[in-house]
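Single-letter residue listing:
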Amino acid sequence: IVVVGATAPTLRDVHATPLDDDELMAGPEVQANAIATALRGLPLREAPDWVGLLALLGLGLAPAAARLRLPGGLAVAAGPALGFAYAAAAMAAFEAGWIVPLTYPLLAAGLGTVGTIAAAFIIERRERGRAEERNDILERRVRERTQELRDTQFEIVRRLSQAAELRDEETGAHIERIRHLCHRLALEAGLSEGEAELIGHASAMHDVGKIGVPDRVLLKPGKLDADE
């Protein structure tokens, strides 16, 4: 079979082909290649539809499946890696005479990768929000428990101060004056209101030892002897 025709580019019978993007192929050469392919029994065959469907689903779902098994960086890299591997497999299949879908499976791999990244970001942000919420709840409970403990301690101090006051009428007024003066002095010394309040409460304990002093000693109008 002989194909007769012109190959000069000036005659504009030249065409771009998928095999070579840089050089144009003359019309007679295109026809000769088509005839040669026909004489070889048209060796290229379309792959079954299930191959394309399987590739589409596999490459689309692979990044999400990898995210369940691999760390974030490796899971993200799984999509492009599988895409390159599939492209190489498609080229090998073409060399063997089979045409397999390429564009849509690779597009599915890209969309799967982007979707996996977006889903991971949303999940991580949601988990971070939940963790912050749990931390806020724990911190609030700690503050509440701390305040309850503080109130309990102050209540113990108040009760002990009242017990000391019952032993001596002068002691009660004295304790209140000391508490007030210590609070004022702490503020004047530059301490915070909380620290000044703590010092004021603590100062009320300075006479609590009177609770353990017998009345015959504590309330004795005269001079104490050596044993007393």
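Just so it is clear, the structure is predicted and the values come from calculations on it, not from any experiment. (Residues numbered from 1 in each chain as written. Predicted model: local features only at pLDDT ≥ 70, side-chain atom pairs only at ≥ 80, totals over all residues. Heavy atoms only, no water.)

1. What about the pattern of salt bridges?
Spelled out, the test is: Think of a salt bridge as a Lys or Arg side-chain nitrogen and an Asp or Glu carboxyl oxygen that are within 4 Å of each other. Working definition: helices are DSSP H or I runs of at least four residues, strands are E runs of at least two. Numbering for both runs from the N terminus.
One pass over the full model with this rule turns up three salt bridges. Measuring nitrogen to oxygen at the nearest pair gives 3.1 Å for the salt bridge that ties Glu 124 to Arg 128. With Glu 124 and Arg 128 both in helix α4 (residues 103-167) and four residues apart, this pair spans about one turn of that helix.

2. Points about unusual backbone geometry
Formally: Each residue is placed in one exposure class: buried if its accessible area under a 1.4 Å probe, protein chains only, is under 20% of its type's maximum, exposed if it is over 50%, and partly exposed if it falls in between.
Located in the positive-phi region is Arg 12, a residue other than glycine, with phi close to 65°. Mapped onto the elements of the fold, Arg 12 is located in the segment before β1 (14-17). We classify Arg 12 as exposed; its relative accessible area is 75%.

3. Brief notes about the confidence of the model for the protein
Operational definition: Confidence of the predictor at the level of single residues is captured by pLDDT, which takes values from 0 to 100.
Predicted confidence across the protein gives a mean pLDDT of 83, with 94% of residues reaching 70 or more. Of all secondary-structure elements in the protein, the lowest mean pLDDT belongs to strand β2 (residues 20-26), at 77, while helix α1 (residues 27-39) reaches the highest, 90.

4. Notes on helix α6 (residues 193-203)
Heads up, the rule is: Working definition: the arc comes from the directions between the helix axis and the C-beta atoms, pointing outward to the latter.
The complete set of buried residues in α6 reads Ala 196, Gly 200 and Ser 203. All buried residues of α6 fall inside an arc of 65° around its axis, so they share one side.

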